[in-house]
Amino acid sequence: MCDRPLSIMVTGATGGIGKAYAHELARRGLNVVLLSRSLSKLEEEAREIADFTKGLEIYDDIEAGLQGLEIGVLVNNVGMAYGGGGVNFQKVLDSENVGQNILDIINCNLMSVTQMTRLILPQMVNRGRGVIINMSSVAGYRSFPFHTLYSATKAFVQCFSESVSAEYSAQGVTIQSCLLRFLLPKWLSHSRWAVRFLAKQREARLSSSLRPVTSKSK
Ligand SMILES: NC(=O)c1ccc[n+]([C@@H]2O[C@H](COP(=O)([O-])OP(=O)(O)OC[C@H]3O[C@@H](n4cnc5c(N)ncnc54)[C@H](OP(=O)(O)O)[C@@H]3O)[C@@H](O)[C@H]2O)c1
């Protein structure tokens, strides 16, 4: 066991839930490393840049950027539905560029979680402690027609988290997936009603999901 304060890494942290997580963790005095794609939005904070719709090629750079960083908590937050930030209900083959769309969603929602786990889990195992939080969704809990790719990738996140948790919990690593319901997505943030109504719920849920993180990361 080491007593040094560890860093917390959040993917997709310039907006929405990832940003809320990062701010809440920083407010609690933890050292937060953000990993997202928009350099301009990341410039004010500790950061790494990566577009998670890309494939294996981005992870060598991420791994290089991680040298010397001791990550105690990894929040695999980044995720997308059809149409990037917005919510479009459509049949699985109805996108304009369906092949690319399938690849983007699988890379962003599924590849990011597995590859980031591959990069960070070994140091947690060596240290005998660590927490990984994967953002799933109630949409991944059962089939969700017209949101097929999103829901299928979130089911993967759920199943992956449970299985890896069973494999590594005895080595001191806690892996949990958050079955989020509708919180406050970026595309609804212009609505004053949504901001008022949903922001309070989001804060309460984030705070309760962070209890195991803050107790195990110090
Ligand atoms: N919001 C909900 O109601 C809800 C419900 C259930 C589950 N979830 C899950 O919770 C997580 C966060 O959701 P959210 O609504 O907060 O998302 P969001 O508002 O769309 O924000 C996502 C964050 O990820 C970044 N991002 C998006 N695509 C990226 C990419 N290809 N590469 C790198 N960064 C990227 C965005 O950066 P930019 O600023 O550059 O766009 C932003 O910082 C997702 O996994 C989502 O599936 C959300």
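Cut-offs applied
Per-chain numbering applies: the sequence of each chain, read as written, is numbered from 1 onward. At least 70 in pLDDT is required for a residue's local features to be given in this predicted model, at least 80 for side-chain atom pairs to be given and counted, and no such filter applies to totals for whole chains, interfaces and linings, which use all residues. Remark: hydrogens and water are excluded; side-chain values derive from all non-hydrogen atoms of the structure. UniProt positions are given in the numbering used here, feature names are shortened, and annotations may be inferred rather than shown by experiment. Remark: nonpolar core denotes a set of buried residues (Ala, Val, Leu, Ile, Met, Phe, Trp, Tyr, Cys) joined through side-chain atoms within 4.5 Å. Relative accessibility under 20% of the residue-type maximum defines a buried residue, over 50% an exposed one, and the middle range a partly exposed one, all with a 1.4 Å probe and only protein chains included. Helix and strand assignments come from DSSP, with helices taken as H or I runs of at least 4 residues and strands as E runs of at least 2, each series counted from the N terminus. Residue contacts are defined here by distance: any two heavy atoms, one from each residue, within 4.5 Å place the two residues in contact. Between the N-to-C directions of two axes lies an angle of 0 to 180 degrees, each axis being a line fitted to C-alpha atoms and, for a helix, fitted only over the stretch in contact. Crossing handedness follows the turn of the near helix against the far one: under a right angle anticlockwise gives a left-handed crossing, and clockwise gives a right-handed one. Just so you know the grouping, Ala, Val, Leu, Ile, Met, Phe, Trp, Tyr, Cys and Pro go in nonpolar, Asp, Glu, Lys and Arg go in charged, and all remaining residues, Gly too, go in polar. A pair of aromatic rings is counted whenever rings of Phe, Tyr or Trp (Trp by its six-membered ring) have centres within 6.5 Å, and the orientation is called stacked for planes under 30 degrees apart, edge-to-face for over 60 and tilted otherwise. Each angle receives one of four descriptions, namely roughly parallel if under 35 degrees, roughly antiparallel if over 145, roughly perpendicular if within 65 to 115, and oblique otherwise.

The name given to the protein in an unreviewed UniProt entry is 17beta-estradiol 17-dehydrogenase, and the organism recorded there is Fukomys damarensis. What UniProt records for the protein under Subcellular location (unreviewed entry) is the sentence "Endoplasmic reticulum". Quoted verbatim from the Sequence similarities (unreviewed entry) heading of the UniProt record, the comment on the protein is "Belongs to the short-chain dehydrogenases/reductases (SDR) family. 17-beta-HSD 3 subfamily."

Caption draft 1: The nonpolar core, seen in detail. Of all hydrophobic cores here, the largest spans 29 residues; its most connected members are Met9, Phe52, Ile62, Met116 and Ile120. Secondary structure elements with two or more residues in this core: β2 (31-36), α3 (57-65), β4 (71-76), α4 (98-127), α5 (148-168) and β6 (173-180). It is α4 that contributes the most residues to this core, 8 residues altogether. Excluding residues within four positions of it along the chain, Met116 makes contact with Met9, Thr11, Leu35, Phe52, Tyr59, Ile62, Leu74, Asn76 and Met111.

Caption draft 2: Highlighting the packing of α3 against α4. Across the interface, α3 lies against α4 with an axial gap of 11 Å and an inter-helix angle of 35°. Read as a crossing pair, α3 and α4 show a hand that is right-handed. Residues Tyr59, Ile62 and Glu63 of α3 lie in contact with α4, whose contacting residues are Met111, Ser112, Gln115, Met116, Arg118 and Leu119. Its residues assigned to classes, the contact of α3 with α4 comprises 5 nonpolar, 2 polar and 2 charged.

Caption draft 3: Broad picture of the packing of aromatic side chains. The tally for this structure, following the rule as stated, stands at 2 aromatic pairs. Judged by centre distance (6.4 Å) and plane angle (45°), the rings of Phe52 and Tyr59 are tilted. Across the pair, Tyr59 and Phe52 agree in class, each one buried. For the ring pair Phe156 and Phe160, a centre distance of 5.7 Å and an interplane angle of 10° mean the geometry is stacked. Here Phe160 and Phe156 lie together in helix α5, a separation of 4 residues that amounts to about one turn. A relative accessible area of 29% places Phe156 in the partly exposed class.

Caption draft 4: Structural detail: the packing of α4 against α5. At a minimum axis separation of 9 Å, α4 and α5 run at an interaxial angle of 15°. Of the possible angle classes, the one that applies to α4 and α5 is roughly parallel. Taken as a pair, α4 and α5 cross one another with a handedness that is right-handed. Residues Ile102, Ile105, Ile106, Asn109, Leu110, Val113, Thr114, Thr117, Leu121 and Val125 of α4 lie in contact with α5, whose contacting residues are Leu149, Tyr150, Thr153, Lys154, Phe156, Val157, Phe160, Val164 and Tyr168.

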